[in-house]
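Residues per chain are reported as follows:
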Number of protein chains: 2
Amino acid sequence: MAEPSQQQFPEVQGGGSLIIAWQVKGKTVLVVGGGEVAAGRILHCLNADANVTVVSPAARLNPEVAYRVAQRQVSHIDRKFETSDLEGADMVLVAVDDPAASTAIWKLCKARRIPANIADVPPECDFYFGSVHRDGPLQIMVSTNGKGPRLASIIRKFIAKHLPSNAGRAIDTVGQLRVRLREMAPRPEEGPKRMAWMMKVSDAYPWDEMCGLTDEDIGNLLRFYPSNKVPSLDTLKDMRADAEGKRGEFDGSFGFSVGS
Amino acid sequence: MAEPSQQQFPEVQGGGSLIIAWQVKGKTVLVVGGGEVAAGRILHCLNADANVTVVSPAARLNPEVAYRVAQRQVSHIDRKFETSDLEGADMVLVAVDDPAASTAIWKLCKARRIPANIADVPPECDFYFGSVHRDGPLQIMVSTNGKGPRLASIIRKFIAKHLPSNAGRAIDTVGQLRVRLREMAPRPEEGPKRMAWMMKVSDAYPWDEMCGLTDEDIGNLLRFYPSNKVPSLDTLKDMRADAEGKRGEFDGSFGFSVGS
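Report follows, based on the coordinates. From a predicted model like this one, the values you see are computed outputs, not experimental measurements.

## Considering the interface of chain B and chain A
Now for step 1: With 74 residues of chain B at the contact, the number on the chain A side is 74 residues.
Now for step 2: Around 7,100 Å² of area is buried between chain B and chain A when both sides are counted, 61% of it from carbon and sulfur atoms.
Now for step 3: It is Leu18(B), Trp22(B) and Gln139(B) in chain B that bury the most area against chain A; as a group they hold 11% of the surface buried on that side.
Now for step 4: At the junction of chain B with chain A, the criterion picks out 6 salt bridges.
Now for step 5: The interface formed by chain B and chain A includes 42 residue pairs in polar contact (both at pLDDT 80 or more).
Now for step 6: Going through the elements one at a time, strand 1 (18-22), helix 1 (36-47), helix 2 (63-70), strand 7 (127-128), strand 9 (138-143), helix 4 (149-162), helix 5 (167-184) and helix 6 (191-204) of chain B are the ones with two or more residues in the side of chain B that touches chain A.
Now for step 7: In terms of residue count, the dominant contributor to the side of chain B that touches chain A is helix 4 of chain B (7 residues).
Now for step 8: Bridge count between strand 1 (residues 18-22) of chain A and strand 7 of chain B: 2 bridges; the pairing is antiparallel.

This is how it looks when you write it as structure tokens:
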């Protein structure tokens, strides 16, 4: 029925950014400056397992940055920036109140093709930061594309409030299920069957209820894989060792009801 | 009262990614491959105003990519990838079913320090994609850090459902307010007063109700800036030309009630 027109495909909505999850694990991020903005950037990088080096005179470190230096969470170069600091840097974040110095560092980074962000100078940024909600493996980033940083943070809090508590656990549960399934049925030929069953599981359970599944539940759930079935959540709960009432042995069928 | 311990500062939660809003406006993104995965990447890039070049034999383009080529939304090189395609590329996205070719392209990108993503090969990715909700200037990206791409999309839909409709409008409204305020009070010395008033506005109005403000409302709101006041939302609504009942002229005070 549909015409072979643009309606078939999503329309382009320009004006956004390309939001991506940059991998900095084990990579070196150079942070120039040690004030409040730098402190926020540093935490973002540490949460992503980066090796962070901070260049700033010790006297100018804010308490949070000084704390992370003292705890050896970051390396510290106790002086102003020098060009040689860029050696080995995979990313550079600048947050100093010195526009001329900032621009000079930006140019050095561009000559070396090092991704860089100069705080508060949008034209001197390969990327912007946003407001990030974190819950275990779950990360949700809100960007207003520079139009309202305060609103970004308000919207992030709004989202956090509406997410089911322990939303991150649902992801861990699915991740664990996938790993244990692969251990149980490791043969590559079973790949399609494994994948189809995993999709069946995601379709069968509302994601916000998966936060509540225990290790025991996952073990019980896996017993349904050989017969390519997925039990109801109630069935899984009834299978728990501490479930009330008599508990039957799993008989390969599903939808049966045990306990009260 | 608080001890000068780690409790003072947010604790590091490793295992995440550095989620950033990459700026590709006017930059060249080379997409190698023209299948379904490529189609999704291309849309992300076009939404961020990138110049996209697709390298793929025409016969292998999926209908969406073929459509974007026909509409000249993207440039097209009608053959397999060649090393010279990397010239001028600011970012490279590879989505072809050829692991050897993919790895070769990844290595070429690394030698040239071009950020790259090889679909489905996490170790050959400078960054991952996530599931993105878009509403005008608002972008919300959900990442499960590779643990559950399907769940990322489910959580994105959950968030979209819980956001107030036209959430993006709230951001546009704040953006417009800031621009018009600067036009009205352009002097640099007024910067702190402008900023303080803008913060007062964000504190006074729940963000989800700002979606409903009209151009007229913004004009009326700005009339309160000289006296550094912020009217209630009801007052603003009562000031509308089509508000019911008698409407008084603004007298510089706020909290007055007009209409019924």
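What follows continues from the structure just given.
## Points about the pairing of strand 5 (residues 91-94) of chain A
In regular strands, side chains alternate between the two faces of the sheet.
All names here are of chain A.
Now for step 1: Taking every second residue as pointing to the same face, both faces of strand 5 are buried, with Met91 and Leu93 on one and Val92 and Val94 on the other.
Now for step 2: With 4 bridges connecting them, strand 2 (residues 28-32) and strand 5 associate as parallel partners. By the bridge assignment for strand 5, Val31 is matched with Leu93.
Now for step 3: Sheet topology places strand 5 next to strand 6 (residues 116-118); 3 bridges connect them, and they run parallel. Each residue of the ladder has a partner; that of Val92, found in strand 6, is Ala116.
Now for step 4: Tracing the backbone out of strand 5, into helix 3 (residues 99-112) and back to the parallel element strand 6 gives a crossover that is right-handed.

## Structural notes on the relation of the copies chain B and chain A
Now for step 1: With an RMSD of 0.1 Å, chain B superimposes on chain A once it is rotated by 180° and translated 0.1 Å along the axis. Seen this way, the second copy is the image of the first under a two-fold rotation axis. Of the C-alpha atoms belonging to chain B, the one lying closest to the rotation axis is found on Met141(B), 2.5 Å away.
Now for step 2: Most of the interface of chain B is mirrored in chain A, where 99% of its interface residues again form contacts.

Rules behind the numbers
Residue positions are given per chain, counted from 1 along the sequence in the order it is written. Here chains are named by letter from A upward and ligands by number from 1 upward, in the order in which they appear as written. The predicted origin of the model limits local features to residues at a pLDDT of at least 70 and limits the giving and counting of side-chain atom pairs to 80 or more, whereas totals for whole chains, interfaces and linings rest on all residues. As a convention, hydrogens and water are excluded, and side-chain values are obtained from all of the structure's heavy atoms. In what follows, a contact means two residues having at least one pair of non-hydrogen atoms within 4.5 Å. Summed over both partners, the accessible area lost on bringing two parts together, with a 1.4 Å probe, is the buried area. The working definition used for a salt bridge is a side-chain nitrogen of Lys or Arg within 4 Å of a carboxyl oxygen of Asp or Glu. In protein, a polar contact requires one atom able to donate a hydrogen and another able to accept it; more generally it is a pair of N or O atoms within 3.5 Å, and residues adjacent in sequence count only if both atoms are side-chain atoms. For helices the rule is a DSSP run of H or I covering at least 4 residues; for strands it is a run of E covering at least 2, with both sets numbered from the N terminus onward. One bridge is not enough; two strands pair if DSSP finds at least two bridges between them. Note on classification: 1.4 Å probe, protein chains only; a residue is buried when its accessible area is under 20% of the maximum for its type, exposed when over 50%, partly exposed between these limits. A clockwise path from the first strand over the helix to the second, with the strands pointing away from the viewer, defines a right-handed crossover. Least squares is the method used to superpose the copies, on C-alpha atoms of residues holding a pLDDT of at least 70 in both.

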